[in-house]
Amino acid sequence: MALNLLIGQTLGFTGDPFQQPWQEVTEHRRDGAVLVEDGHIRAVGTRANLSVKYPQATVTDYGEDLIVPGFVDAHVHYPQTAIIASWGKRLIDWLNTYTFPEEMRLSDPNYAAEIAERYLDIALSHGTTTMASYCTTAPTSVNAYFEAAAQRGMRVVGGKTCMDRNAPEGLIDTTQRAYDESKALIDTWHCKGRAVYAITPRFSPTSTPEQLDALGALWAERPNCLMQTHLSEQTEEITWVRELFPTTRDYLDTYAQHGLLGARGVYGHAIHLEPCEIDQLAEVGASVIHCPTSNMFIGSGLFDLMGLAKAKVGLGLASDIGGGSNFSMLRTMAAAYEVAQLRGAAPHPAQLMWLASEGSAHALHLQGKVGHLGAGAEADLCVLNLKSTQAIEQRSHNANNFWEALFPTIMMGDDRAMRQVWVAGKPL
Ligand code: GUN
Ligand code: ZN
């Protein structure tokens, strides 16, 4: 089997920099090397050690560029690719005006395939090698997504979005159809190649209690699937949830009551949480996904990154395309930094990089497989040029240490910083 030795700077993590001092859990090597064989990382070490140990390996020397795991985007809507940057609405109006009409178009399998391919190619060009995407209510949109990902060799998470109320007639399903179609899609796609299925009720306002119940029952039947949904994104949405579910304790309870709360539950946004919701999320080991560009673009609010980390809630990071305003996880990290600053904390670059790789991977229960620079992980890699523009170069030129050299790329970088992306051990 062919051996590839990638040489450059490397950055990996041995633990969670939100729970331990970042200095103790980061591994940066200036003269690093990553050995890749058969789609997996076989070893991470120094150039000197690995090139002596594996003289037969084909060497790619990236000089001062930084080798990191491919980014993991833990919450996106690939069907919204073509309506990114749509002006002037808050969540519910934005869904009705832009999102639902566009999602209806993906009932056409040709259009679904076109958008799935377009989305995945844009994501890869930005260094995102794994994502968890909502599809539309149409099973064809799920097939299009998993097929396009398989063609590209990518590990992806996805699921049919389920909605049986409060959406246009042409887009909604029923309780029975949501259950039957989701189950058939799980049986077709879950664990096929690199595909992972997530049962996907869109959010409580677009599912009847009966549909939530049916999807909770399906999750109990297929417990190794993930379950993804939205939680407490905007205040108007939360008021609406209270009206629709007058007897439940809070928003999270609309899921808990129907079997939709668990360790493999992935809850997008989670901005306006009650203390008991935070406690319950931590207790069951569920994860919340920070979508900072979306939360600013749709005007949703300021996610409490440091507070939720302190409460030991699982954390991932996401673009939330097309509510989010950028495909780049670098831009997403920058937005996470800015939002945290508005709440009085400055996350360290190590914490931001961890969120976009290890954190998101943990949230999706793919830890050790993706988002990880270590032996045994799948070889999805991103090689970052830390001097990709004049503006970044002139700042990193004055850096006193590695983190100061990296931070300008986090704050100002985009797809131009991607020197090379590797998927399943192959360079694109
Ligand atoms: N809540 C329910 N659906 C959506 C969606 O498509 N995008 C965002 N940002 N929030 C949602
Ligand atoms: Zn979303």
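Residues numbered from 1 in each chain as written. Chains lettered and ligands numbered in written order. Predicted model: local features only at pLDDT ≥ 70, side-chain atom pairs only at ≥ 80, totals over all residues. Heavy atoms only, no water.

1. Let's talk about the coordination of the zinc ion (ligand 2)
Worth spelling out the cut-off: For Na, K and Ca the donor cut-off is 3.2 Å, and for all other metals it is 2.8 Å, counting N, O and S atoms only; because water is absent from this set, sites may look incomplete. Each label reflects the angles at the metal, where four donors whose angles all fall between 85 and 135 degrees are tetrahedral, four or six donors whose opposite pairs open beyond 155 degrees and whose other angles stay between 65 and 115 are square planar or octahedral respectively, and the rest are irregular. Numbering of helices and strands runs from the N terminus, with a helix taken as a DSSP run of H or I at least four residues long and a strand as a DSSP run of E at least two residues long. When accessible area is computed with a 1.4 Å probe and restricted to protein chains, residues below 20% of their type maximum are described as buried, those above 50% as exposed, and intermediate ones as partly exposed.
The zinc ion (ligand 2) binds to the protein through His75 (NE2), His77 (NE2), His230 (NE2) and Asp320 (OD), with metal-donor distances spanning 1.9 to 2.7 Å. Here the zinc ion (ligand 2) binds four donor atoms, and the angle range of 86 to 160° at the metal identifies the geometry as irregular. Mapping the donors of the zinc ion (ligand 2) onto the primary sequence yields the spacing H-x1-H-x152-H-x89-D. Taken as a pair, His230 in strand E10 (residues 226–231) and Asp320 in the loop between strand E13 (314–317) and helix H13 (329–342) lie far apart in primary sequence, 90 residues in all. The pair His230 / Asp320 is uniform in exposure class, with both members buried.

2. Let's talk about the sheet that holds strand E14 (residues 381–384)
Keep this limit in mind: Two strands are said to pair when DSSP picks up at least two bridges between them. Contacts are assigned to residue pairs that have any heavy atoms within 4.5 Å of one another. Note on geometry: axes are C-alpha line fits, over the in-contact stretch for helices, and angles between N-to-C directions span 0 to 180 degrees.
The mixed open sheet is built from seven strands, whose spatial order is E3-E2-E1-E4-E14-E15-E16. Edge strands, defined here as strands with exactly one partner in the open sheet, are strand E3 (40–46) and strand E16 (426–427). Where E14 meets strand E15 (residues 418–423), four bridges bridge the pair, whose relative direction is antiparallel. What sits directly across from Leu381, in E15, is Trp422. Sheet strands in contact with helix H14 (residues 349–363) are strand E1 (3–13), strand E2 (26–37), strand E4 (58–69) and E14, and its direction is about 125° off that of E1.

3. Observations regarding the pairing of strand E6 (residues 128–134)
Consecutive side chains along a regular strand alternate between the two faces of the sheet. Among the seven residues of E6, seven are classified as buried, and the element is accordingly described as predominantly covered. Pairing of strand E5 (residues 71–77) with E6 involves five bridges; the strand directions are parallel. Across the sheet, residue Val72 finds its bridge partner in E6, namely Thr130. Relative to strand E7 (residues 156–159), E6 runs parallel, the two sharing three bridges. Among the inter-strand pairings, Ser133 is bridged to a residue of E7, identified as Gly158.

4. Comments concerning the packing of aromatic side chains
Put simply, the rule is: Between the rings of Phe, Tyr and Trp (Trp by its six-membered ring), a pair exists once the centres lie within 6.5 Å; its type follows the angle of the planes, with under 30 degrees stacked, over 60 edge-to-face, and the other angles tilted. The rule is short: NZ of Lys or CZ of Arg within 6 Å of the ring centre and within 35 degrees of the ring normal puts a charge over the ring.
Counted according to the given criterion, the structure contains 11 aromatic pairs. Seen in terms of ring centroids, Phe146 and Tyr197 are 6.5 Å apart; in terms of plane orientation they differ by 40°. Their pairing is tilted. One end of the pair, Phe146, is in helix H5 (residues 139–151); the other, Tyr197, is in strand E9 (residues 195–201), with 51 residues separating them in the sequence. Comparing Phe146 with Tyr197 shows no difference in burial state: the two are buried. Pairing Phe402 with Trp403 gives two aromatic rings, centres 4.9 Å apart and planes at 65°, and the pair type is edge-to-face. The exposure classification of Phe402 matches that of Trp403, with both residues buried. Following the ring pairs from residue to residue traces out a cluster consisting of Tyr78, Tyr145, Phe146, Trp189 and Tyr197. The lysine or arginine in question, Arg105, covers the ring of Tyr111, its NZ or CZ lying 4.1 Å from the ring centre. We note Lys192 situated over the ring of Trp189; from NZ or CZ to the ring centre the distance is 4.9 Å.

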